[in-house]
Amino acid sequence: MEPIMALIVGCLYAAAIYMMLRRSIVKLVIGLMLLSNAANLLIFTSAGMQRGAPPLIPEGALRPEGIVADPLPQALILTAIVIAFGVLAFAVVLIHRAYNIIHTDNLDQMKDTDT
Amino acid sequence: MQLAVLAIYLLAALAPWLCSKHREQTSRILALLPAGLTLWFASHLPEIIAGGKVIQPYAWIPGLDISLTFVLDGLSLLFALLICGIGTFILLYAGSYLKGHHHLQRFYVVLLAFMGSMLGLVLSDNLITLFVFWELTSITSYLLIGFNHQDDKTRKAALQGLIVTVAGGLALLAGLILVAIAAGSYSIQEILGQADVLRDYPFYNAMLICLLLGAFTKSAQFPFHFWLPNAMAAPTPVSAYLHSATMVKAGIYLLARLSPELSGTELWILLLTSAGTLTLFTGALLAIRSTDMKKMLAYSTVMALGTLTLLLGLSTELALLAFSAYLLSHSLYKGALFMLAGILDHEAGSRDLRELAGLRRLLPVTALCTALAALSLAGLPPLLGFIGKELFLDALLQGPAAAWMLALVMLSAISGVGIALLIALRPFTGELRAPKPVEAIHEAPKDMLAGPVVLVAASLLLGLAPGLVEGLVLASSSAVLGAEQTGYLSLWHGFNLPLLLSFVSLVLGLVLFRFWGRVRYHLSKLNPLFARGPEAGYFALMQGLVDLASWQTAFLQNGSMRNYLRVLLLSFAGLTAYTLLSRYQLHWNWEVSLYLHELILALILLSAAVAACITASRLGAVAAMGAVGYSVALVFVLFSAPDLAITQILVETLTVLLLVLVLFRLPSFTRLSTPAERGRDALVAILCGGLMTLLIMITIDVQLFPPISDYMIEQSQPLAYGRNIVNVILVDFRALDTLGEIFVLALAALGVYAMIKFRPETAPGANHSAGTLILPPKVRKSETSDATLSDSPSQEKSP
Amino acid sequence: MMKPGTLILHVAARFLVPLQMLFSIFLLLRGHDEPGGGFIAGLVASGALALYLFTFGAMMTRDLMRVDPRNLIGLGLVIAMLSTLPGWAQNEPFLTAQWWPMTLPGGTELKLSTPLIFDIGVYLTVLGTVMTMLVALTETEER
């Protein structure tokens, strides 16, 4: 499954970057969301994928039976998902605020207002 | 000793509170601490004089060999006494001098913080700790010099001092690290006795030059002397403290501290003696040109620093004895003189020697103190300054000094006497003249006079009975020498060459005093030369820096975010691809075990992503994003990550809510770019995406390190009593990471809240809300009428 | 706020919110052994309150929550920080987990520990973060 996922992650990245390079700020938001999904899947895939072996220890046992999926990347991704939500909210509100102030959704026209 | 430094910092933190509570009495309360510390340090005198050392170890970062170990030996005791002793009087003095200043609390805070840092600097045994305190003194002195920050010139002077000393500090850090590498330890106690190792170290020259750059910039040696006179923009208590006894002596302290290990080589002698002599002479020349008492004193401090460097450079036994004696005497009289100059400024309204005369009747105590302190500066008996100066001349005549050095030193000595006489006599003799009306001129308050009186009395007493400090001076110079120092201090050495030279300089100094106006006139012909001094070099450098910055800003940072992104992405793709392919070659392992439902899921994910890109409606994009998110969640479900799947689904739901609330208030999609632009961007995107695919292919095949998660899987139940390993990692094994992450979340929430709730008020003087910080000032006025999202806090609870 | 035609939503919210809140606490407590934990439980709780928010509006949600969601963030961070300290008191490095297992009257074992306290901190922070954002956004909407 990993090679297929590698291709998919590549496509997600490409889509995210393409969207982030658009001038419309709304597309930038879409790009950001795609990017965080792509990054999570990148970590998930490169750690190796296991079918049906969640990193849980059966009751009473000291260690899981057999090989389980790597828990460390999962822990990383779990926080990354939540943080991506926080950052997305921040970005969306920031963009909205900027739009209200300068009345353009064109990124290229936003460049001179910081002076 | 750690507690002593900590106590000063604590007091600094408490100072504003004390200030609001006790007002006028604050300075007296604050001064109790340094006074107590002076006594405490003094109580160690017998032990140190007997040749002992007080070592108090305290581990800080043992893994990096960084400790907060403090050591008290002769040299650090001398400095500690000066720092705390003079500091006591400076606090008293400042309380009166800056009475009613609206930033007085801030002044106390920074002054005490400086005192603590300076004390830490002279006590620390670890080179890195020493450096940390060194930088702390730079920063606090920047704040002190720039205390009157409304003044443009003051800010400039403060920044100049900071840039010069901090640039030197960087070199110093490199030097200290080289020392540690050569000696194999950061502890000064362990470096002691490794003199041969250090001197034979292949990078000895580089190491020495780096250290000297640090010390010379801090101690205002030629050609970095220019920042010190400019720093006179500071309030007088600051100049009296920082620029006489403490901060500028930090460089000297460092050289003295490392002198047992580094001194004696040709390079050391050459660099230190020539820099010292040049500094001495430059100071002398510039001092006699000045008319402002404070500037004059600043240049004479430059002279003294030059002298001390010169003595360290000579590094004979006698020179180092002279070093300690001169250091002590200079700190005593120079601190007093600065404070006296401040008193004149405060009471008579000017520090300009041309504007003041005949004040002796109105300010008798000040006049007497000034006269005595200036005598010490001139090096006349029976003051401590005389002993220091005699030893200095003696050491110079016996040491390895070149003839040109002797000549320059003599010229400087004459100028020194001239300055001393000018300061002692000009403002006080002759017919009364002052900018303030006579009725307004009174003797200064007790708190301001306490410092000068005590310091001058000490100068006089110790001059008459040098036996009182002989032990301390010997102990201090033993520490600089790195061996037992013998010798003695005495006022009378018999008729000898140094005495003759003193006499000659006194006579010529009198002549200089008499014809001061004419000398200044002739010196003014040299003005074009002074204008091209090292300070011009500093300004040229700064201008160059600004030009470089504006060029690179125009070139790289033109303000278009998409440009930045493109540059970033392309350089990222190029560099990463190069590293990947050159190190690990291509991995193209297409052995796939695949179920049909997984393939279908992959295709859904892919088409959802594409749909999000090409759809022309916002609703379509949000729906497509939802499809992407839930497909990712399904991937997590299929590949054994239940926690992730739950989280992803929940977040996806909340995201939709968020987008509904905000995104649909933004304009709908518009097509702005031309097909060519789209093609170019698609190319960049495909390059980066392809690279990520390659990256995964390689990481799957190449295993560089054993995974650390095996330990976590093994120990999850035995050590952390948890059966959900992911959660155990989050809250136990890697809890510190999680702690950081929830802080990030909190910050994001506060940011969102601030952006929604706060907005600038248009009423004048009401621009205190946080929103003003993120708004471009230009459009602030038009903003209020059409803000749809912004809401003033007062309307928060409207139904 | 009480838009017409949202009867089903109203009834559903009234019943679902308490259930969902209970479920979130269940997820939080079992998180160390089964899928769950502070992040997930916090998100479930936010989901519940968000449902309430969309049904009844910001005012009523604030009334329901009693505390300002911003204070929840602070509370959560403080609790998480506090859980790092007991290790210190035991002369072990900062953040070292401490366990105080106890048996409840029913015979079930309750594993009281600093990781659990830490997880509660995470729970409150996540809940506070999401609710701060959503309530603030909704309030501007309702203006």
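Residues numbered from 1 in each chain as written. Chains lettered and ligands numbered in written order. Predicted model: local features only at pLDDT ≥ 70, side-chain atom pairs only at ≥ 80, totals over all residues. Heavy atoms only, no water.

As recorded in an unreviewed UniProt entry, chain B goes by the name Putative monovalent cation/H+ antiporter subunit A, listed as coming from Nitrincola tapanii.

As recorded in an unreviewed UniProt entry, chain A goes by the name Na+/H+ antiporter subunit C, listed as coming from Nitrincola tapanii. Checking UniProt for chain A, the heading Sequence similarities (unreviewed entry) contains the comment "Belongs to the CPA3 antiporters (TC 2.A.63) subunit C family." Its UniProt record gives chain A a comment under Subcellular location (unreviewed entry), which states: "Cell membrane". (UniProt positions renumbered as here; feature names shortened; annotations may be inferred.)

Participant: Quick one: what's the story with the packing of aromatic side chains, residue by residue and with numbers?
Facilitator: Scanning all chains against the criterion turns up 15 aromatic pairs over all chains. Seen in terms of ring centroids, Tyr721 of chain B and Trp99 of chain C are 4.7 Å apart; in terms of plane orientation they differ by 75°. Their pairing is edge-to-face. Remark: Trp99 of chain C occurs in strand E1 (residues 99–103) and Tyr721 of chain B occurs in the loop between helix H31 (709–720) and helix H32 (725–733); the pair is interchain, linking two chains. Tyr721 of chain B sits in the partly exposed class, given a relative accessible area of 37%. Here a set of aromatic residues connected by ring pairs shows up, and it is made of Phe226, Tyr538 and Phe539 of chain B. Between the NZ or CZ atom of Arg520 of chain B and the centre of the ring of Trp516 of chain B, over which it lies, the distance is 4.9 Å. (Phe/Tyr/Trp six-rings, centres within 6.5 Å; stacked < 30°, edge-to-face > 60°. Helix = DSSP H or I, 4+ residues; strand = E, 2+ residues; numbered from the N terminus. Buried < 20%, exposed > 50% of the residue type's maximum accessible area, 1.4 Å probe, protein only. Lys NZ or Arg CZ within 6 Å of the ring centre and 35° of its normal.)

Participant: I'd like a description of the interface of chain A and chain B, backed by residues and values.
Facilitator: Tallying the contact residues gives 88 residues for chain A and 108 residues for chain B. Carbon and sulfur atoms make up 75% of the area that chain A and chain B hide from each other, which totals about 9000 Å². The largest share of the area that chain A buries against chain B comes from Leu21, Arg51 and Arg97 of chain A, three residues that together contribute 9% of it. A salt bridge links Arg63 of chain A to Glu714 of chain B; its shortest N-O distance comes to 2.8 Å. At the boundary of chain A with chain B, the tally comes to 16 residue pairs in polar contact (both at pLDDT 80 or more). Listing elements by their share of the side of chain A that touches chain B, those giving two or more residues are helix H1 (2–20), helix H2 (25–46) and helix H3 (71–102) of chain A. With 24 residues, H3 of chain A is the largest single contributor of residues to the side of chain A that touches chain B. Within the side of chain A that touches chain B, the residues separate by chemical class into 58 nonpolar, 17 polar and 13 charged. (Contact = heavy atoms within 4.5 Å. Buried area = accessible area lost by both parts, 1.4 Å probe. Salt bridge = Lys/Arg side-chain N within 4 Å of Asp/Glu carboxyl O. Polar contact = N/O pair within 3.5 Å; in protein donor to acceptor, adjacent residues only side chain to side chain. Nonpolar A, V, L, I, M, F, W, Y, C, P; charged D, E, K, R; others polar.)

Participant: Would you mind going over the pattern of salt bridges in detail, with residue names and values included?
Facilitator: Any two side chains of opposite charge can pair if their charged atoms end up close together. According to the stated counting rule, one finds 19 salt bridges over all chains in the structure shown. Between Arg23 of chain A and Glu677 of chain B there is a salt bridge, and its shortest N-O distance comes to 3.0 Å. Residue Arg23 of chain A is located in the loop between H1 and H2, and its partner Glu677 of chain B is located in helix H30 (residues 675–701); the two belong to separate chains. Classification of Arg23 of chain A as buried rests on a relative accessible area of 16%. Look at Glu677 of chain B and you get buried, because its relative accessible area is 18%. Asp681 of chain B serves as the salt-bridge partner of Arg680 of chain B, at 3.8 Å between the closest nitrogen and oxygen.

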